[in-house]
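Observations on the three-dimensional arrangement
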Amino acid sequence: MTLLGQVKQYRRDSILTPLFTALEVVMEVLIPLLMAAIIDKGVEAGDMRAVYTTGGAMAVMAMLSLCFGVLAGKYAARASSGLARNLRRSMFANIQTFSFANLDRYSTAGLVTRMTTDVTNVQNAYQMILRIAVRAPFMLLCSMAMCFVINARLSLIFVAAIAVLGCVLVFIVRCTMKIFDVVFKRYDDLNASIQEDVSAIRVVKAFVREDYENEKFTDAANRLYRMFVKAESILAFNNPVMMFVVYGCVLSLSWFGAHFVVGGELTTGELTSMFSYIMSILMSLMMLSMIFVMLTM
């Protein structure tokens, strides 16, 4: 049994999701170009007709982007939820075929964790793969391509920013991968404590072992808490680095872009559109970091 083999009747939804996501990105990438045209050919030239015409085209593209985004979200939800349903059903049917040796090998708590927490993580990861794993790289490449079309020399700022964030991303993924490997084993301990306490509640009460069971559950919950705190502390490192790189790029783009505008190598509208593209590029990198973390889990 493979994960992709459980997609089954949801293959159509799995294909339509990346398609509508790509169309959504195309619309979003074209909007800053039209914004530059409004500034250069409309506002600065005093041509209000061009402003209204280009503004109308931007509104149409924004509505199309909204529609494509809604459809992509709808099909992604159906595909990921369907995968989780098929996976749980197949796993449950497979458990019924276990021999007594297998039943002794796999704990009840471990099987419960596989059917609940693990399948939910697979569901979330599949949804992110269909949407964000398509949207983020495609947005990154398209935005970078548009920046190089506008001004190749100024776009080197983005290349440096991507290198810095890429190094941070690799560091975060390598550290969190080891932690999450331990975290999901701790889930087994937590579920085992609950399962044993519930199934043997009469014995626990008969021997007055409530305090012991409470301590055992508390220890398992605290171990899980400490591991999650450690993992989230490393993940939180991504946000300040992201903000540092974003504002560094904004300052660099403002400084060098102003010189390019004065020198006639860049128009005001093109500089404005590059500010939009820089946010798209860096947010795409942020989304990619989320994907890597989810896939690691």
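Structural notes, computed from the coordinates. (Residues numbered from 1 in each chain as written. Predicted model: local features only at pLDDT ≥ 70, side-chain atom pairs only at ≥ 80, totals over all residues. Heavy atoms only, no water.)

**Observations regarding the overall build of the chain**
Scanning the chain from N- to C-terminus turns up ten helices and zero strands. Starting at the N terminus, the α and β elements of the chain follow one another as α-α-α-α-α-α-α-α-α-α. Relative to the compact-globule value of 19 Å for 297 residues, the chain shows a C-alpha radius of gyration of 26 Å, a clear excess of over 25%. Projected onto its principal axes, the C-alpha positions of the chain cover 90 × 40 × 30 Å. Looking at the chain residue by residue over its 297 residues, the buried ones come to 41%. The contacts in the chain between residues at least 6 apart in sequence include a share of 85% that link residues at least 24 apart. When the accessible surface of the chain is totalled, it reaches about 16600 Å², and 68% of it is carbon and sulfur. (Helix = DSSP H or I, 4+ residues; strand = E, 2+ residues; numbered from the N terminus. Rg over C-alpha atoms; globule rule 2.2 N^0.38 Å. Buried < 20%, exposed > 50% of the residue type's maximum accessible area, 1.4 Å probe, protein only. Contact = heavy atoms within 4.5 Å. Areas by Shrake-Rupley, 256 points an atom, 1.4 Å probe, with all protein chains shown as cover.)

**Considerations on a nonpolar patch on the surface**
Taken together, the side chains of Val26, Leu30 and Leu33 define a hydrophobic patch exposed on the protein surface, amounting to about 180 Å² of accessible area. As for its placement among the helices and strands, Val26 is situated in helix α1 (residues 11–43). (Patch = residues over 30% accessible without salt bridge, like charges linked within 9 Å, V, L, I, M, F, W, Y side chains within 5 Å. Salt bridge = Lys/Arg side-chain N within 4 Å of Asp/Glu carboxyl O.)

**Details of the packing of aromatic side chains**
With the rule as written, the count across this model stands at two aromatic pairs. Taken together through their ring pairs, the aromatic side chains of Phe20, Phe68 and Tyr75 make up a single cluster. (Phe/Tyr/Trp six-rings, centres within 6.5 Å; stacked < 30°, edge-to-face > 60°.)

**Digging into unusual backbone geometry**
The phi angle of most residues is negative, glycine excepted, and most peptide bonds adopt the trans form. Of note in the backbone geometry, Lys8 takes a positive phi value of approximately 45 degrees without being a glycine. Within the secondary structure, Lys8 is located in the segment before α1. A relative accessible area of 37% places Lys8 in the partly exposed class.

**Looking at the packing of helix α8 (residues 210–236) against helix α9 (residues 238–262)**
Remark: α8 packs on α9, axes separated minimally by 5 Å, with the N-to-C direction vectors making an angle of 0 degrees. Classed by the angle they form, the pair α8 and α9 counts as roughly parallel. Side by side, α8 and α9 meet where Ile234, Leu235 and Ala236 of the first sit next to Asn238, Asn239 and Pro240 of the second. Here the residues of the contact of α8 with α9 are counted per class, giving four nonpolar, two polar and no charged. (Axes fitted to C-alpha atoms, helices over the stretch in contact; angles between N-to-C directions. Parallel < 35°, antiparallel > 145°, perpendicular 65-115°, else oblique. Nonpolar A, V, L, I, M, F, W, Y, C, P; charged D, E, K, R; others polar.)

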